[in-house]
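One-letter residues, chain by chain:
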Amino acid sequence: MAKNELDARFAEFGTVSFASVTQVNDFIGYLEEGKLMGTRCKTCAKSFFPPRAHCYQCLAGDMEWFEIAGKGELVSYSTLQYAPAGFTEEVPYTIALVDYGEYKVFGRIDKSVPETELSVGTKMKAAVGRTPNGRLTYAFKKA
Amino acid sequence: MGKVGIIGVGQSAFVRTYPGSIRELVFESFREAMKDARIGRTDIDATIVCSAPEYDRQRSPAGVIAEYLGLNPQPTFYAETLCSSGSTGLKLAYSLVASGLHDVVMVIGFQIMSQLTSAESQERMGRGADILWESPFGTMMPAYYAMHARAHMAKFGTTLEDLALVRVKAGTYGPLNPNAVYRKPVTIEQFQDPGSFLCSPVAAPLRTGDCCANADGSSCVIVACEDKARAFSKKPVWIKGIGSATAPVNMAGRDRLTGLAATVEAAGQAYRMAGITPADVDVAEVHDCFTIAELMAYEDLGFAAPGEGKDLIRSRETYREGSIPVNIDGGLLSKGHPIGATGGSQIRTVVLQLRGEAGQIQVKDPAFGLIHNIGGVGLYGNVTILGVD
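Per chain, residue numbering runs from 1 following the sequence as it is written. Chain labels run from A onward and ligand labels from 1 onward, assigned in the order the entries are written. Local features are withheld for residues below a pLDDT of 70 in this predicted model, meaning they are given only at 70 or higher, and side-chain atom pairs are given and counted only at 80 or more; totals for whole chains, interfaces and linings count all residues. To obtain the side-chain values, all non-hydrogen atoms of the structure were used and water was disregarded.

### Thoughts on the overall build of chain B
- Only DSSP runs of H or I covering at least 4 residues are called helices, and only runs of E covering at least 2 are called strands; the numbering of each starts at the N terminus. For chain B, the count of helices and strands is 13 helices and 11 strands.
- A globule of 389 residues ought to have a C-alpha radius of gyration of about 21 Å, and chain B, at 19 Å, matches this closely.
- Taken along its principal axes, the extent of the C-alpha atoms in chain B is 55 × 45 × 40 Å.
- Any two residues whose heavy atoms approach within 4.5 Å at even a single point are treated as in contact. Relative to all contacts within chain B whose residues are 6 or more apart in sequence, the contacts with residues 24 or more apart total 77%.
- For every accessible area listed, the method is Shrake-Rupley and the probe measures 1.4 Å; residues are considered covered only by the protein chains on display. Taken as a whole, chain B presents about 13,200 Å² of accessible surface, with 52% of it coming from carbon and sulfur. Radius of gyration means the value over C-alpha atoms here, while the globule rule gives 2.2 Å times the residue count to the 0.38 power.

### Quick look at the packing of aromatic side chains
- Pairing of aromatic side chains here covers Phe, Tyr and the six-membered ring of Trp, requires ring centres within 6.5 Å, and sorts the geometry by plane angle: under 30 degrees stacked, over 60 edge-to-face, intermediate tilted. Under the counting rule described, the total for this entry stands at 23 aromatic pairs over all chains.
- Ring geometry for Phe 48 of chain A versus Tyr 56 of chain A: centroids 5.7 Å apart, planes at 65 degrees, classification edge-to-face.
- Burial classes follow relative accessibility: with a 1.4 Å probe on protein chains only, a residue under 20% of its type's maximum area counts as buried, one over 50% as exposed, and anything between as partly exposed. In this structure Phe 48 of chain A comes out as buried when scored by relative accessible area, which is 6%.
- When the centroid spacing of 6.2 Å and the interplanar angle of 85 degrees are considered together, the rings of Phe 49 of chain A and Tyr 138 of chain A count as edge-to-face. Of this pair, Phe 49 of chain A sits in the loop between strand E2 (47-48) and strand E3 (63-67) while Tyr 138 of chain A sits in strand E8 (residues 136-142), and the two are 89 residues apart along the sequence. Just as Phe 49 of chain A is buried, Tyr 138 of chain A falls in that class too.
- Positioned above the aromatic ring of Tyr 182 of chain B is the side chain of Arg 167 of chain B, whose terminal nitrogen or guanidinium carbon lies 5.0 Å from the ring centre.
- Across from the ring centre of Tyr 319 of chain B, 3.9 Å away, lies the NZ or CZ of Arg 316 of chain B, which sits over that ring. Whether a charge sits over a ring comes down to the Lys NZ or Arg CZ being within 6 Å of the ring centre and within 35 degrees of the ring normal.

### Focus: the pattern of salt bridges
- Criterion for a salt bridge: a side-chain nitrogen of Lys or Arg within 4 Å of a carboxyl oxygen of Asp or Glu. As enumerated under the stated definition, the model contains 27 salt bridges over all chains in all.
- Asp 62 of chain A is paired through a salt bridge with Lys 42 of chain A; the nearest N and O atoms lie 3.8 Å apart. Residue Asp 62 of chain A is found in the loop between E2 and E3, and its partner Lys 42 of chain A is found in the loop between strand E1 (37-41) and E2; the two are separated by 20 residues along the sequence.
- Take Asp 62 of chain A: its relative accessible area is 40%, and that puts it in the partly exposed class.
- In this structure Lys 42 of chain A comes out as partly exposed when scored by relative accessible area, which is 49%.
- Measuring nitrogen to oxygen at the nearest pair gives 3.0 Å for the salt bridge that ties Glu 357 of chain B to Arg 355 of chain B.
- Classification of Glu 357 of chain B as partly exposed rests on a relative accessible area of 38%.

Right under this line is the structure:
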C-alpha cells in the first residue's frame, strides 16, 4: 500500500460494512491470517474486545494485540427470520454474545451449528471465516 | 430554584402512513398542545425539536418546523437520543427553564417512518447500534431485545406466554386509544394459534406479536416556569424527578442482559430527586418497544424484584385496576413507535392521568406518574417523574 493511501481495510469486514477506516484496521490483517484479535493496553493491561486504539482507563494509546483463544460461554443468542436491508438473503442466521471472562465477543453462530444444540451457557469458540458473499468475518462454533 | 411545570400536551394520531410532510404532521400535535395550554405563539420562548435523523430528506428539521409553527425569531434546538429523543427534549427544556434562561419551552417530537421500507427502517435502526463491530453481522433492534429475552428466560424462567400476556394487556387498552395504530383486541388464544400472525417469528424468541410497529406521528409538550405555569394553567403538572443515563452500545460491554443498566441508573436519579420510592408511583408509561422490554422495565424501575416481572403481569397488577398500572394507553405495542414522537406521547398520557382527564383509562386520584423512555437497546435511558402539588 502506498504510504499516503488511506488504510480502508475495514470495508472488508462482515456481510455489509458500514465503515472503512479505523485505527485498528490491523484487525482485518489478522483475520486474513485466520486470527481473531483484541487489544490490550500496554500501560494498565486492560483487555478490550472489540479492539480499541485508546485506553479510557489510563488515557494511553499504546496498545498490543492479543488473540481471542480458548472457550467462552454463550450469554445469549437470537435467530433472525427477518433481516435488515443488505442481509435479507442470509436469513435465517443467529447472532450471539459469548463471555470469555475478561471480555465478551459479539458475533454470529456458525451455520454448521444447529440451533437445537445451543443454550445459554453452552461453551463456544470463535473461528475466522468468510461470509456467504465471501467477505472476512468470524463465527462461533461449539467448543 | 422554582418548580418546572407542564402546561400543555398534544399528539397527532399515530398512523401507518401520514399523508403529508413533517411540518404538517408536527402542526397537529402543536395545535392540540397550544389549545390545551391556552397560550399564544409569542408566549413560547424556545423550542426543542426531537427526532431520529436519516428518516427524512430534510436536513436539520428544527428550523423548518419553527418557521411552519410561526415560532420565529425564537431559538430552536435539535435533540436526538434515538427512541428516547422526546424525553431527552423534556430534560433539556427543564434545564432551560430551571436555569432561568427561558420561561416557556416547547418540546416537539416527530417521525415519519413510512417513507422507508421495513427492511430499510431496520437497517437504520440497526445502525443505532455499533456500526463497526455489530451492524456488519446483520443486527436489528428486535434481535438485540430477543437476546435480552432469551437471557431473561434462561435466568428467571420467564416464558413466551409471559411475553404474550404483556401484548394481551396492550391489546386490552389499544382499542380504547383513538391515536393508536393497532386498535384490535389481542387475546392469549391468538398467541396459542401457531397460524396467527402474532406468532410468526421475527428474531427468536420474539414473534411479530412481541414487537411494536413503525408509525408516523408527532407529539408536543409545553414546559413553563412555576409563575407562568400557575398563571396559564389551572392544573399544572410538575416535573418532580428527571434522570438520564447511558450504557455501552455494544452488547459486549454489558454486564448483564437480564435488564437495562441505563434504566436502573436513570430511575435511581429520578426517585432521589422526587423523594419517592417505586411504591409511590400511581401510574407509569414504560418503553415497551418489545414485550420483554416492558417486563425488564418492571424490574429495573423497582416495581418488581429482579426476575419477578412475570409475576406482575400474571397477576394483572399492571392493569388499570392493579397496584401499578403500566401502559394503559396501549403502550408502544398498540400505539406504534414513531421514534421521536414516542416520549412526548408517553408524557402526554401521564399528564392527562395526573389531571384526571384520562377518560376510560383514568386511574383513581394519582399523585405521581412515571415515564420510562429508552433509546436504542438501553443505550440511552430517561426516567421522568411527574406529580401534582
